[in-house]
Amino acid sequence: MKISYIVRRFLFLIFVVWTAATVLFFIPRLSRINPIRERFAEIQRSTGYAPRDLENIIKAFEIKFGLDKPLVEQYLDYMSSVLRGDLGVSLMRYPKTVVELISQALPWTVILLSVTTLLTFLIGTGIGALAGWPRSPGWVKGMVTPLMVLAAVPAYLLGLLLIYFIAFRAKLLPLSGAYTTSRFMGPELSIDFILDVSRHAILPALSLILASVGFWALGMRGMGVTVQGEDYVNFAEHKGLRQRRIFYWYYVRNAILPQVTALALAFGSIVSAGILVENLYGFPGIGSLLNAAILANDFFVIYGIGMITIIAVGVSMMLVDVLYPLLDPRIRYDRK
Amino acid sequence: MELSVSVQGAGRRPGRLTLALRYLRRNKSLAVGLALLAFLLIFSIGGSLLIDTSTRAYPLAAPSVQPPSAEYPLGTDKDGRDLLAVMVRGILLTGTVGLIAGSVGIVVGVVLGFLAGYYGGIIDSIIRWLTEVLITIPPLILQIIIASTIVDKNKVTIFTMAGVASILSWMGTARVVRSQVLTLRERTFVSVAKLSGMSNLEIIFKELMPNMLPYLAASFVGAVMGAIGATFGLEVLGLGPAREPTIGMTIRWAQFHSAIFNQWWWWVLWPCLALILIFASLSLINRGLDEIANPRVRRSE
């Protein structure tokens, strides 16, 4: 693989992220929404507090945040601060910055979602591989359709049903939160704490896994069916190789490639994938932060989360393209 | 459908309906999906004729939080909506949102896909770039940002929701159409049509479109599902039409009033069930259509 390809891919990534950031910048500004006025309106709605010289206060904040400048200047300011890793301040927890809030929430989301994404990939791919394998028992093959129907249902709904039946009726697992607040003051590094967090994470994880395992199973089965017709599989069979060897090294090894690509992309979207489920379980990740920001009209936090998700997706897309030739030697870029 | 005709072959040719039914017996996903869809349609359209949903599905139409009874078969919610009427109207509204956004998605997607695939060149590059950028932004995030610019939540209608969902409903179709056009374009029948003097538009509508029908149908169903899922997400986050009893809003209010902790299970269960049925039906139909479009899938059955 050529270095020039990586460079080109990287430039394209910057280009995509830049376009996306521009879209994110202009949508709210074209709608003539005033984040500061909306924040004060929300404060008045929820607490009944209305400052007397509201207009002056809004003006003062606009000058402070540079919202009074011409749009082009604001755009340049925004882009340069994004480049410096500065996403502005939060309006609901002022003077905390958006980056501070996001970096508090991000670890929760990343841990929950990376574990579930990996588990879903393993379970789904496993089921899919077996379902596409001609010698599997009928019930394994039959599993794909119900799993696929399940995959169409939003994880939020499955979560709601799990909360009701497992946490509320059967009282097997905690209803919400990430840890028992009466036992721990905050996150700490101890076996007890980790066990507690795991117990809280089981239901959110389960709803995410159930909701997407069918997607992986279907993809793997589809590829598996294709691979079976290939000459190298037939050849391996005629050579008299053991079934187990054909299954792992001829069938799975080749069918799994698109799955790995999809896995990398799924890792790129972990920031946004769990938003609704996190909300449902009051899990203190990005989803809950986003929900709080929506409720409090904290537009700067909303845009900041938007930026983070776009960067994550863009980076993972680039990694897929760059790493794919390593996984599949048949694919080469720029080879003459 | 072509397949069943060719299998039939010699002898007396049965009618179209018999053929369709015979095909459905083999394509079980399509059959079950269509049956579920028919049930939902009968429930919501028939229900709207039998009950006055324009009052009973809205607040203060019934006593607050009644469990299911003879008078209120599905119970009532905290604001005094009759949940049977809410379900009838909600399925209709949610379906409407999906249908509008799905239709916009398919039309825009087909036009862009054809432009990109058939004409190629700079048009193709622009459309591909636009698709790539929009695919990078997670749909929920973009929709949240658009929806959050509508400040007055009471002014949000189901058409606003359909509009927001439409914005991101065309990329899948555009991709599929583009790649299909690219493969079909090189076939002999297209060259023959060109040589016989057909115009580009004629070729697109008479030669290419019919060959892509199953793909188009599948991506239409996909776009409808995507739209319903996206609006559901927005509604759950409180960015939905506050005054309309869509399925998503019903779940939102149930959550808002902690229906589960108050043991008002009926308020949560029915909308969940309705949404699961909607998604199950659509995904089964989608899979059935996929089987028509992709014979390769069939081999493993």
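Residues numbered from 1 in each chain as written. Chains lettered and ligands numbered in written order. Predicted model: local features only at pLDDT ≥ 70, side-chain atom pairs only at ≥ 80, totals over all residues. Heavy atoms only, no water.

Caption draft 1: Representation of the interface of chain A and chain B. Contact residues are listed per partner, giving 50 residues for chain A and 44 residues for chain B. Between chain A and chain B, the buried area comes to about 4,300 Å², and carbon and sulfur atoms account for 80% of it. One can count zero salt bridges joining chain A with chain B. The set of elements that each furnish at least two residues to the side of chain A that touches chain B consists of α1 (3-30), α7 (144-152), α8 (155-169), α9 (191-228), α14 (275-280), α15 (286-295) and α16 (299-327) of chain A. Its residues assigned to classes, the side of chain A that touches chain B comprises 37 nonpolar, ten polar and three charged. (Contact = heavy atoms within 4.5 Å. Buried area = accessible area lost by both parts, 1.4 Å probe. Salt bridge = Lys/Arg side-chain N within 4 Å of Asp/Glu carboxyl O. Helix = DSSP H or I, 4+ residues; strand = E, 2+ residues; numbered from the N terminus. Nonpolar A, V, L, I, M, F, W, Y, C, P; charged D, E, K, R; others polar.)

Caption draft 2: A look at α15(A). Counting buried residues in α15(A) gives eight out of ten residues, a clear majority hidden from the surface. Looking at α15(A), one finds that the buried residues are A:Ile286, A:Gly287, A:Ser288, A:Leu289, A:Leu290, A:Asn291, A:Ala293 and A:Ile294. Close packing links the buried residues of α15(A) with α5 (98-132), α13 (270-273), α14 and α16 of chain A together with α7 (139-148) of chain B. After α15(A) finishes, the residue A:Asn297 shows a positive phi value of roughly 55°. (Buried < 20%, exposed > 50% of the residue type's maximum accessible area, 1.4 Å probe, protein only.)

Caption draft 3: Representation of a nonpolar patch on the surface. Side chains of A:Ile111, A:Val115, A:Leu118, A:Leu119, A:Leu122 and A:Ile123 sit close together on the surface and give an oily, nonpolar patch of about 530 Å² of accessible area. Inspection of the secondary structure assignment puts A:Val115 in helix α5. (Patch = residues over 30% accessible without salt bridge, like charges linked within 9 Å, V, L, I, M, F, W, Y side chains within 5 Å. Areas by Shrake-Rupley, 256 points an atom, 1.4 Å probe, with all protein chains shown as cover.)

Caption draft 4: Region of interest: the nonpolar core. Membership of the largest hydrophobic core comes to 140 residues, with the highest contact counts inside it found for A:Ile302, B:Ile144 and B:Leu275. If you tally residues by element for this core, the top one is helix α13 (residues 265-293) of chain B, at 13 residues. Mapped onto the domain boundaries, this core takes at least three residues apiece from domain 1 (3-83) and domain 2 (99-327) of chain A. Counting residues in each nonpolar core, the second largest holds 16 residues, with B:Ile106, B:Val177, B:Val190 and B:Ala193 among its members. (Core = buried A, V, L, I, M, F, W, Y, C linked by side-chain atoms within 4.5 Å. Domains from an automatic or database assignment.)

Caption draft 5: A look at the packing of helix α3 (residues 28-50) of chain B against α13(B). Residues and elements named next belong to chain B. For the pair α3 and α13, interaxial distance at closest approach is 7 Å and the crossing angle is 145°. Every pair of crossing elements has a handedness; the one defined by α3 and α13 is left-handed. Touching Ser29, Leu30, Val32, Gly33, Leu34, Leu36, Leu37, Phe39 and Leu40 of α3 are Leu277, Ile278, Ala280, Ser281, Leu284, Ile285, Arg287, Gly288, Leu289, Glu291 and Ile292, all from α13. Of the residues that constitute the contact of α3 with α13, the class distribution is 14 nonpolar, four polar and two charged. (Axes fitted to C-alpha atoms, helices over the stretch in contact; angles between N-to-C directions. Left-handed = near helix turned anticlockwise from the far one by under 90°.)

Caption draft 6: Layout of a positive patch on the surface. All names here are of chain A. Together, Lys239, Arg242, Arg244 and Arg245 line one region of the surface with positive charge. Relative to the helices and strands, lysine 239 is located in the loop between α10 (231-238) and α11 (243-255). Taking relative accessible area as the criterion, lysine 239 reaches 49% and is therefore assigned partly exposed. (Lys, Arg positive; Asp, Glu negative; His and termini not counted. Charge placed at Lys NZ, Arg CZ, Asp CG, Glu CD.)

Caption draft 7: Here's a closer look at the packing of aromatic side chains. Inspection of every chain in the model, using the stated rule, returns 26 aromatic pairs over all chains. Geometrically, the ring pair formed by A:Phe121 and A:Trp216 is edge-to-face, given 5.5 Å between the ring centres and 90° between the ring planes. A residue pair is termed long-range when its members are at least 10 positions apart, and A:Phe121 in helix α5 and A:Trp216 in helix α9 qualify at 95 residues. Across this residue pair, the class does not change: A:Phe121 and A:Trp216 are buried. Residues B:Trp265 and B:Trp266 carry aromatic rings whose centres are separated by 5.7 Å and whose planes lie at 85° to one another, so their mutual orientation is edge-to-face. A relative accessible area of 32% means that B:Trp265 is categorised as partly exposed. Aromatic ring contacts, followed pair by pair, group A:Phe25, A:Phe26, A:Tyr75 and A:Tyr78 into a single cluster. Sitting over the face of the ring of A:Trp133, A:Arg135 holds its NZ or CZ atom 5.3 Å from the ring centroid. Positioned over the ring face of B:Trp253 is B:Arg252, at 5.9 Å from the centre of the ring. (Phe/Tyr/Trp six-rings, centres within 6.5 Å; stacked < 30°, edge-to-face > 60°. Lys NZ or Arg CZ within 6 Å of the ring centre and 35° of its normal.)

Caption draft 8: Quick look at empty space enclosed by the protein. Residues and elements named next belong to chain B. Taken as a whole, this structure holds four cavities of 30 Å³ or more when the rule is applied. Empty space within the largest cavity amounts to approximately 60 Å³. For the largest cavity, the full set of lining residues is Thr94, Val97, Ile228, Thr231, Phe232, Glu235, Thr246, Gly248 and Leu275. Among the secondary structure elements, those contributing two or more residues to the lining of the largest cavity are α5 (83-119) and α11 (200-236). At four residues, α11 tops the list of elements feeding residues into the lining of the largest cavity. Grouping the constituent residues of the lining of the largest cavity by class yields four nonpolar, four polar and one charged. (1 Å grid on protein atoms, 1.4 Å probe; cavity = no way out; pocket = protein on both sides within 12 Å on 5 of 7 lines; lining within 4 Å. Points joined across faces, edges and corners; volume = space filled by probe spheres on them.)

Caption draft 9: Fine view of the pattern of salt bridges. Residue and element names in this part refer to chain B. Summed over all chains, the structure comprises nine salt bridges over all chains. The partner of arginine 56 in a salt bridge is aspartate 82, with the nearest N and O atoms 2.7 Å apart. Placement of arginine 56 in helix α4 (residues 53-56) and of aspartate 82 in the loop between α4 and α5 is noted, with a sequence separation of 26 residues between them.

Caption draft 10: Region of the structure containing the side chain of A:Thr120. Residues and elements named next belong to chain A. Tracing the backbone shows threonine 120 in helix α5. We classify threonine 120 as buried; its relative accessible area is 3%. In this structure, threonine 120 is in contact with Thr125, Ile209, Ser212, Val213 and Trp216, ignoring residues within four places of it in sequence.

Caption draft 11: Quick look at the domain arrangement of chain A. All names here are of chain A. In terms of domains, chain A is made up of domain 1 (3-83) and domain 2 (99-327). Between domain 1 and domain 2, the contact holds 21 residues from the first and 16 residues from the second. Approximately 1,600 Å² of surface area, both sides summed, lies buried where domain 1 meets domain 2, with 76% of it carried by carbon and sulfur atoms. Taken together, domain 1 and domain 2 are joined by zero salt bridges. One can count one residue pair in polar contact (both at pLDDT 80 or more) joining domain 1 with domain 2. Counting only elements with at least two residues in the side of domain 1 that touches domain 2, the list comes to α1, α2 (35-47) and α4 (71-83). Counting residues per element, the side of domain 1 that touches domain 2 draws most heavily on α1, at eleven residues. Tallied by class, the residues present in the side of domain 1 that touches domain 2 amount to 15 nonpolar, no polar and six charged. (Polar contact = N/O pair within 3.5 Å; in protein donor to acceptor, adjacent residues only side chain to side chain.)

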